[in-house]
Amino acid sequence: MQKTENGLIVIACDFTGIEWDEHIPMIEGHRGSVICLEALKMAIDGMADASEAFDCTLCLRHTETGSKAWRHPDPPATANPHAIVCEDCIRQADRAFSKDPDTDYVRRIPPTDRWR
Ligand SMILES: [Zn+2]
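Residues numbered from 1 in each chain as written. Predicted model: local features only at pLDDT ≥ 70, side-chain atom pairs only at ≥ 80, totals over all residues. Heavy atoms only, no water.

Regarding its fold elements, the protein presents 2 helices and 9 strands. Ordered by position from N to C terminus, the α and β elements of the protein give β-β-β-β-α-β-β-β-β-β-α. In terms of C-alpha radius of gyration, the protein reaches 14 Å, essentially the compact-globule figure of 13 Å for 116 residues. With respect to the principal axes defined by its C-alpha atoms, the protein has extents near 45 × 35 × 25 Å. Here the protein holds 116 residues, and the buried ones make up 40% of them. The contacts of the protein with a sequence gap of at least 6 include a subset with a gap of at least 24, amounting to 45%. Accessible area for the protein stands at about 6900 Å²; split by element, carbon and sulfur atoms hold 50% of it. The positive charge centre, built from 13 side chains, and the negative charge centre, built from 20, are 8 Å apart in the protein. (Helix = DSSP H or I, 4+ residues; strand = E, 2+ residues; numbered from the N terminus. Rg over C-alpha atoms; globule rule 2.2 N^0.38 Å. Buried < 20%, exposed > 50% of the residue type's maximum accessible area, 1.4 Å probe, protein only. Contact = heavy atoms within 4.5 Å. Areas by Shrake-Rupley, 256 points an atom, 1.4 Å probe, with all protein chains shown as cover. Lys, Arg positive; Asp, Glu negative; His and termini not counted. Charge placed at Lys NZ, Arg CZ, Asp CG, Glu CD.)

Pairing is antiparallel across the open sheet formed by 3 strands, whose spatial order is 5-8-9. Sheet topology places strand 5 (48–49) and strand 9 (85–86) at the edges, where each strand pairs with a single neighbour. Note: strand 8 (residues 68–70) against strand 9, 2 bridges, orientation antiparallel. Note on strand 9: the bridge partner recorded for alanine 69 is cysteine 86. Contacts from helix 1 (residues 37–46) reach strand 5, strand 8 and strand 9, with the element oriented near 140° to strand 8. (Pairing = 2+ DSSP bridges. Axes fitted to C-alpha atoms, helices over the stretch in contact; angles between N-to-C directions.)

This part takes up the packing of aromatic side chains. Scanning the entire structure with this criterion turns up 2 aromatic pairs. Plain terms: the ring middles of phenylalanine 97 and tyrosine 105 are 6.2 Å apart, the flat faces sit at 70° to each other, and that makes the pair edge-to-face. Under the relative-accessibility criterion, phenylalanine 97 is labelled buried at 1%. (Phe/Tyr/Trp six-rings, centres within 6.5 Å; stacked < 30°, edge-to-face > 60°.)

For the zinc ion, every protein donor is listed as Cys56 (SG), Cys59 (SG), Cys86 (SG) and Cys89 (SG), and the spread of their distances is 2.3 to 2.4 Å. Taken in sequence order, the residues that donate to the zinc ion follow the motif C-x2-C-x26-C-x2-C. Residue class for cysteine 89 comes out buried when judged on its relative accessible area of 9%. (Donors = N, O, S within 2.8 Å, 3.2 Å for Na, K, Ca; no water.)

Encoded structure:
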């Protein structure tokens, strides 16, 4: 997400509220949404069947009940309280971070036919 502090645009993870410092690994979604690597790790460990339909914060896609998703169980005050990420975005971020030469992140979700 983007917020303005003292007239400056600050980019922060929607899920953790952590502000981008040009070093913390982050991936941008639609409409300025952002997920940081720490949030992705929590999402991989914590994703579960969604109890209600939702619109993914990162890809904006509407997703029905029963699809896997993740939201921060206790969102920090600086995070987007409505942030939720769909399984596809979690898989896509898992792959993208593993290819980022600026991190030593190792892919945690095994590739599938859809997500090589
Ligand atoms: Zn998504």
